[in-house]
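Read off the chains here:
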Amino acid sequence: MSTKVSDHLLERLREWGVDRVFAYAGDGINGLLAAWGRAENNPRFIQSRHEEMSAFEAVGYAKFSGRVGVCAATSGPGAIHLLNGLYDAKLDHVPVVAIVGQTNRSAMGGSYQQEVDLLSLFKDVASDFCEMVTVPEQLPNVLDRAMRTAYTRRTVTALIIPADVQELDYAPPRHAFKMVPSSLGVAPYAPVPADTEITRAAELINAGERVAVLVGQGARGARAEVEQLADVLGAGVAKALLGKDALPDDLPYVTGAIGLLGTRPSYELMRDCDTLVVVGSSFPYTQFLPEFGQARAVQIDIDPFMVGLRYPFEINLVGDARETLARLLPQLKPKAHGDWRAGIEKNTARWWEVMERRAAVSADPVNPEYVFHALDPLLPENAMLTADSGSAANWYARHLRMRGTMRGSLSGTLATMGPGVPYAIGAKFAHPDRPAIALVGDGAMQMNGMAELITAAKYHQEWQDPRLVVAVLNNQDLNQVTWEMRAMEGAPQFLPSQAIPDVPYADFARSIGLDGVRVEEPDGVVDAWQRALAADRPFVIDFRTDPAVPPIPPHATLDQIEAAAAAVLKGDSDRAAVVRQGLKAKLQDMLPGGRKRRGHGEGDGS
């Protein structure tokens, strides 16, 4: 039997070490599906419930494995469905290769069924490399470049293969004019800045007295070096949300997340420093960085296109975080761990006391902060955590402390709804011997999560560790947007857009062979987590949480909190009447120290 183009495509993927492809069937890739049958499902075809979920699962797989995630879809609607997940990968700098079908070449330009100009459609999301295969000899070079580009530029690439080309006999490129041969692989490499630039950076940092470090996901491979940096400089370290697992939270100088979803000590670290070192992060919210002119700053990033974007850095070091820090550290002069470091550690310790106090505030029926705070000490040391966009991301950022070999991620830059559960499934295929926990709101669960429980039910018996816990914050409200409306627009909840149905999530899980429980009282929270973490199959916890618990920004003043409360009180529903009785006091209790603060710089320093 002759080797078809589709056969060679799967063979080449195997040679690249691709062991699974997250995909959904369609006639635009029938040739490829037939080849999968001939190849005895190698690489493994992982069937999602929707092409967008295939892309999200490829992103989750790539984020938690460090390898390229590969997804595939049919022409037309299938290719279109991939886009949101692919944009998530592109904006978070995750290597993903998309393989999509196309109508026969003979039909192109004829307004044929499902004919979409895929080269134009994918031009932006796969801007580093997007090609259509039109002859067999083109295939190896195009696939190799797609894989190599995705790996080295940490981005999305795309291959478009017309249905008739998939069925052609494969012929390799010859040693001939206008033929492009190819080869496999890319050697590991770690670029470093010039020695003169490292010396300049050391001189700048040595001149400072109050050093703050901000790390992102680019620092994940430089944990030891970042810890040494903080020790030498007596610095505090804040973490961008994608870098939450770059450094453990049980280090006393790690102030936690930064930004709207961040912590008060991270806010104060940036407010009061005179020197800033950013490692592997393109954190975009400049209002949470030091005031312009306040701090001298150095950035370290492997991507030359991402340096100098967010702050007037004096020195931009383009290089691998670990190798660059290894060259920088010997030139740094140790600083005494004096008042600056002591204040950072004191503020951080006090913040965790504030988190405990917030979690203990009464709510109707369950405080969502308590849900997360109760999980924190129960987390397995090797857990993989995913959070969806929405208020769940606030509590993930603030209440869960990374330690051991824990990993965690969410949709950082695109901040799209819906990846929490498919991320966790992708993570399970990356590490089937580790537990995964998806933390999602009810809006995201209704959007994507419930259908992907079916995917978990389909595959969980193959995982060495069967634990995939999905925790749903069931408050029947698109809660993050509701609070944004209150804080930014001074508007009460607009029920036609914000109210969503109460769904029996745990019952649905049990109906498809999984397990679950509904929790309607605070006393049931810890037991539910313990049951889920001991389960022999994926487990859904339906937490009935209070939508009136606000995600307070770390720099919030009482004036701002009162304005948000006033917006709630504009409502004339029975719910608003209940809120009127206690919301203002509740919000004040949730401030650090329980003190009233009227301005950014006032308060008790916590």
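These notes cover the structure that comes with them. The numbering scheme is per chain: residues are counted from 1 as the chain's sequence reads. With the structure being a predicted model, the display of local features is reserved for residues of pLDDT at least 70 and the display and counting of side-chain atom pairs for 80 or more, all residues being used for whole-chain, interface and lining totals. Side-chain measures here rest on the full set of heavy atoms in the structure, leaving out hydrogens and waters.

## Digging into empty space enclosed by the protein
Quick reminder of the rule: Cavities and pockets are found on a 1 Å grid laid over the protein atoms alone: a cavity is a set of points where a 1.4 Å probe fits but cannot escape, a pocket is an open set with protein on both sides within 12 Å along at least five of seven lines, and a lining residue has an atom within 4 Å of such a point. Grid points are joined across faces, edges and corners, and a volume is the space filled by probe spheres set on the points. Residues are grouped as follows: Ala, Val, Leu, Ile, Met, Phe, Trp, Tyr, Cys and Pro are nonpolar; Asp, Glu, Lys and Arg are charged; all remaining types, including Gly, are polar.
Evaluated as defined, the whole model comprises 3 cavities of 30 Å³ or more. There is about 50 Å³ of room inside the largest cavity. Looking at the largest cavity, the residues that line it are Trp16, Gly17, Val18, Asp19, Arg20, Tyr61, Arg67, Val68, Met147 and Tyr151. Residues of the lining of the largest cavity, tallied by class, amount to 6 nonpolar, 1 polar and 3 charged. Computed from the structure, the second largest cavity encloses a volume of approximately 50 Å³. In terms of lining, the second largest cavity is formed by Leu214, Val278, Ser281, Ser282, Phe283, Leu289, Gln299, Arg310 and Phe313.

## Some words on the nonpolar core
Rules: The definition of a nonpolar core used throughout is a set of buried Ala, Val, Leu, Ile, Met, Phe, Trp, Tyr and Cys residues joined through side-chain atoms within 4.5 Å. Buried, partly exposed and exposed residues are distinguished by accessible area as a fraction of the type maximum, computed with a 1.4 Å probe on protein chains only: under 20%, between the cut-offs, and over 50%, respectively. In DSSP terms, a helix is any run of H or I states spanning at least four residues, a strand is any run of E spanning at least two, and both are numbered starting from the N terminus. Contacts between residues were defined by any pair of non-hydrogen atoms, one from each residue, lying within 4.5 Å.
One finds Leu86, Val96, Phe122, Met445 and Val470 to be the most contacted residues of the largest nonpolar core, which totals 55 residues. Residue contributions to this core peak at 8 residues, all from helix α3 (residues 51-65). The contact partners of Val96, leaving out residues within four places of it in the chain, are Ala58, Val59, Val68, Gly69, Cys71, Leu86, Ala89, Ala150, Thr155, Val156 and Thr157.

## What about the pairing of strand β6 (residues 156-162)?
Two faces belong to every sheet, and in a regular strand the side chains alternate between them. Rule in force here: For two strands to be treated as a pair, DSSP must find no fewer than two bridges joining them.
Most of β6 is tucked away: 7 of the 7 residues are buried. On β6, burial covers both faces: Val156, Ala158, Ile160 and Pro162 on one face and Thr157, Leu159 and Ile161 on the other are all buried. Relative to β6, strand β4 (residues 96-102) is paired through 7 bridges, and the arrangement is parallel. Across the sheet, residue Val96 finds its bridge partner in β6, namely Val156. Bridging between strand β5 (residues 130-132) and β6 involves 3 bridges; their strand directions are parallel.

## Notes on the packing of aromatic side chains
What counts here: Each pair of aromatic rings taken from Phe, Tyr and Trp, with Trp reduced to its six-membered ring, is defined by centres within 6.5 Å and is described as stacked if the planes are under 30 degrees apart, edge-to-face if over 60, and tilted in the remaining cases.
One pass over the structure, following the stated rule, counts 10 aromatic pairs. Summarising the aromatic geometry, the rings of Phe292 and Tyr311 are spaced 5.7 Å apart at their centres and angled 75 degrees between planes, so their arrangement reads as edge-to-face. Taken together, the positions of Phe292 in the loop between β10 (275-279) and β11 (296-301) and Tyr311 in the loop between β11 and β12 (315-318) put the pair 19 residues apart, joining distant regions of the chain. By relative accessible area, which is 57% here, Phe292 ends up exposed. The exposure class of Tyr311 is buried, given its relative accessible area of 4%.

## Quick look at the environment of Met450
Looking at the element boundaries, Met450 is found in helix α16 (residues 442-459). The residues touching Met450, leaving out its near neighbours within four places in the chain, are Met445, Val503, Tyr505 and Phe508.

## Structural notes on the sheet that holds strand β16 (residues 468-474)
What counts, and what does not: For helices, the fitted line uses only the C-alpha atoms of the stretch in contact; every axis is such a line through C-alpha atoms, and the angle between N-to-C directions lies from 0 to 180 degrees.
As summarised here, the arrangement of the 6 strands in space is β14-β13-β15-β16-β18-β17, forming an open sheet in which the pairing is parallel. At either margin of the open sheet sits one strand with a lone partner, and together these are β14 (407-410) and β17 (515-519). Across the sheet, the mean angle from the axis of one strand to that of its neighbour is 15 degrees, orientation sign disregarded. Judged from the 6 bridges that link them, β16 and strand β18 (residues 539-544) form a sheet pairing that is parallel. Bridged to Asn474 within β18 is Arg544.

## Comments concerning the sheet that holds strand β1 (residues 20-23)
Where strands meet in a sheet, backbone hydrogen bonds hold them as pairs that are either parallel or antiparallel. Here we have 6 strands laid out as an open sheet, ordered β2-β1-β3-β4-β6-β5, and parallel in their pairing. Taken across any chain shown, the strands that pair with only one partner, and hence form the sheet edges, are β2 (44-47) and β5. If you compare each strand with its neighbour and ignore which way they point, the axes differ by 25 degrees on average. In this structure, β1 lies alongside β2, joined through 4 bridges in parallel fashion. In the strand pairing of β2, Phe22 is matched with Ile46. Contacts from α3 reach β1, β3 (69-73) and β4 within the one sheet, and its direction differs from that of β3 by about 170 degrees.

## So, the environment of His81
Structurally, the position occupied by His81 is in helix α4 (residues 77-91). Once the C-alpha coordinates of His81 and Glu52 are considered, the two residues, 29 residues apart in sequence, prove to be 5.1 Å apart.

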